[in-house]
Amino acid sequence: MSNQTEILEAALPADSAATAAWAWVAVRTLGPQHRSHMLTHLTALGDFDRSLRFGQLATDEQIRAYVERIDFERDQAFGIFDRRLQLAAMAHLAFEPVLGESEPTAEFGVSVLERWRRRGYGARLFDHAVTHARNRGVRNLLIHIARENSAMLAIVRRAGAEVQFDGAEATAQLPLPQDTLATQIEELVGHQAAELDYRFKRHVLRLDKLREVCLLSPLVRP
Ligand SMILES: CC(C)(COP(=O)(O)OP(=O)(O)OC[C@H]1O[C@@H](n2cnc3c(N)ncnc32)[C@H](O)[C@@H]1OP(=O)(O)O)[C@@H](O)C(=O)NCCC(=O)NCCS
């Protein structure tokens, strides 16, 4: 599996329903060691996508400050890595403080790099966040969406969220059922499988690099 494989994969028809329907996608939990990956991912978003993701045209500096501020003790971040271990997609689940009688609530934000869109990654990260939030006792998921963001609206509506529009903005609220043994096991197994997937990709990447070095070395040239 080389860089050529990755390029060929990215060139496959992006909206192939079959891809999304059957392919298992590894979702990895992100930590402070992934801040630089997150920064690279988020600053690769174009102006329009930055407005959709952050509700404003965030500058590189604002994105850097946002990434630095993520509190990995309190919140959760998830990502889908490509074969070169770059973040193709990432999501942030921010847990809100429980005040008085308020229901435990978390806010969800997501982004998928353009070349990886329409493969089900956005929906996959949303489903993953729902399971994780349920397992942490969250009862309400909140998502701020721009009115014109058809893809995000499709994702939350498919999950059964109630969407309220206010001018150019929409707020989606998804009540979450309690966790079950199945949701706990699903998260645990998914986590371990994603770790294995990451190690495998790292191994393949190292072999790729080694092969490149060998091909460049005059000692191994025919
Ligand atoms: C929104 C976003 C995350 C969607 O990611 P994605 O991986 O392309 O989405 P998926 O492939 O999982 O598709 C999810 C649904 O949206 C639909 N969809 C995807 N792109 C679409 C588009 N451009 N127009 C209309 N519908 C679209 C898909 O058909 C699918 O619908 P279905 O469940 O009814 O089949 C991505 O477009 C993005 O990163 N946008 C910029 C940042 C952003 O808007 N973030 C959301 C704010 S929280």
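Look above for the structure.
Residues numbered from 1 in each chain as written. Predicted model: local features only at pLDDT ≥ 70, side-chain atom pairs only at ≥ 80, totals over all residues.

Time to look at the overall build of the protein chain. The helix and strand inventory of the protein chain stands at 8 helices and 7 strands. The proportion of buried residues among the 222 residues of the protein chain is 25%. For the protein chain, the proportion of contacts with a sequence separation of at least 24, taken over those separated by at least 6, is 64%. (Helix = DSSP H or I, 4+ residues; strand = E, 2+ residues; numbered from the N terminus. Buried ≥ 20, exposed ≤ 12 C-beta atoms within 10 Å, placed from the backbone. Contact = placed C-beta atoms within 7 Å.)

Two elements in contact, helix 3 (residues 35–43) and helix 5 (residues 60–69), have axes separated by 10 Å at closest approach and are oriented at 145°. Helix 3 and helix 5 meet at a crossing whose hand is right-handed. Listed contacts from helix 5 to Arg35, Met38, Leu39, Leu42 and Thr43 of helix 3 are Asp60, Ile63, Arg64 and Val67. Considering only residue class, the contact of helix 3 with helix 5 consists of 5 nonpolar, 1 polar and 3 charged. (Axes fitted to C-alpha atoms, helices over the stretch in contact; angles between N-to-C directions. Left-handed = near helix turned anticlockwise from the far one by under 90°. Nonpolar A, V, L, I, M, F, W, Y, C, P; charged D, E, K, R; others polar.)

On to the sheet that holds strand 4 (residues 105–112). Spatially, 7 strands are ordered 1-2-3-4-5-7-6 in an open sheet, and the strand pairing comes out mixed. The two strands at the open ends of the sheet, each matched to only one other strand, are strand 1 (28–30) and strand 6 (162–166). Put simply, the sheet's adjacent strands are angled 25° from each other on average, direction ignored. The sheet contact formed by strand 1 and strand 2 (residues 76–81) spans 3 bridges and is antiparallel. Counted as the bridge partner of leucine 30 is alanine 77 from strand 2. Contacts between helix 6 (residues 121–135) and the sheet are confined to strand 2, strand 3 (87–95), strand 4 and strand 5 (140–146), with strand 3 contributing the most and set at about 30° to the helix. (Pairing = 2+ DSSP bridges.)

Around the ligand, a shell composed of 23 residues is seen, among which Leu52, Arg117, Gly122, Ala123 and Ala151 lie nearest. Of all elements in the fold, only helix 4 (47–54), strand 4, helix 6, strand 5 and helix 7 (150–158) reach the threshold of two or more residues within the shell around the ligand. The dominant element in the shell around the ligand, judged by the number of residues it contributes, is helix 7, at 6 residues. Partitioning the shell around the ligand into residue classes produces 11 nonpolar, 6 polar and 6 charged. (Near = placed C-beta within 6 Å.)

Bringing the pairing of strand 4 into the picture now. Most of strand 4 is tucked away: 6 of the 8 residues are buried. Across 7 bridges, strand 3 lies against strand 4 in antiparallel orientation. For phenylalanine 95, the partnering residue across the bridge sits in strand 4 and is alanine 106. Direction of pairing for strand 4 relative to strand 5: parallel, over a ladder of 3 bridges. Directly across from glutamate 107, in strand 5, lies its bridge partner leucine 142. A crossover connection joins strand 4 to the parallel strand 5 through helix 6; in handedness this β-α-β unit is right-handed. (Right-handed = clockwise from strand over helix to strand, strands pointing away.)

The next subject is helix 7. Buried residues of helix 7: Met152, Ile155 and Val156, and no others. Seen end-on, helix 7 carries its buried residues on one side only, within an arc spanning 90°. Away from its buried face by more than 90 degrees, helix 7 exposes Ser150, Ala154 and Arg158. Buried positions along helix 7 lie against helix 6, strand 5, strand 6 and strand 7 (169–175). (Arc of directions from axis to C-beta.)

Mapped onto the elements, histidine 37 comes out in helix 3. On a C-alpha basis, the gap between histidine 37 and glycine 79 in space is 9.7 Å, while along the polypeptide they are 42 residues apart.

Moving on: unusual backbone geometry. For leucine 85, which is not glycine, the phi torsion reads 60° and is therefore positive. By the element assignment, leucine 85 lies in the loop between strand 2 and strand 3. Even without being glycine, arginine 118 reaches a positive phi, approximately 60°. Secondary-structure assignment places arginine 118 in the loop between strand 4 and helix 6. C-beta crowding within 10 Å serves as the criterion here: with 16 such atoms nearby, arginine 118 is assigned to the partly exposed category.

Looking at the element boundaries, isoleucine 155 is found in helix 7. Here isoleucine 155 falls in the buried class, since 23 other C-beta atoms lie within 10 Å of it. Along the sequence, isoleucine 155 and aspartate 127 sit 28 residues apart, while their C-alpha atoms lie 9.2 Å from each other. Setting aside its immediate chain neighbours within four residues, isoleucine 155 contacts Gly122, Ala123 and Phe126.

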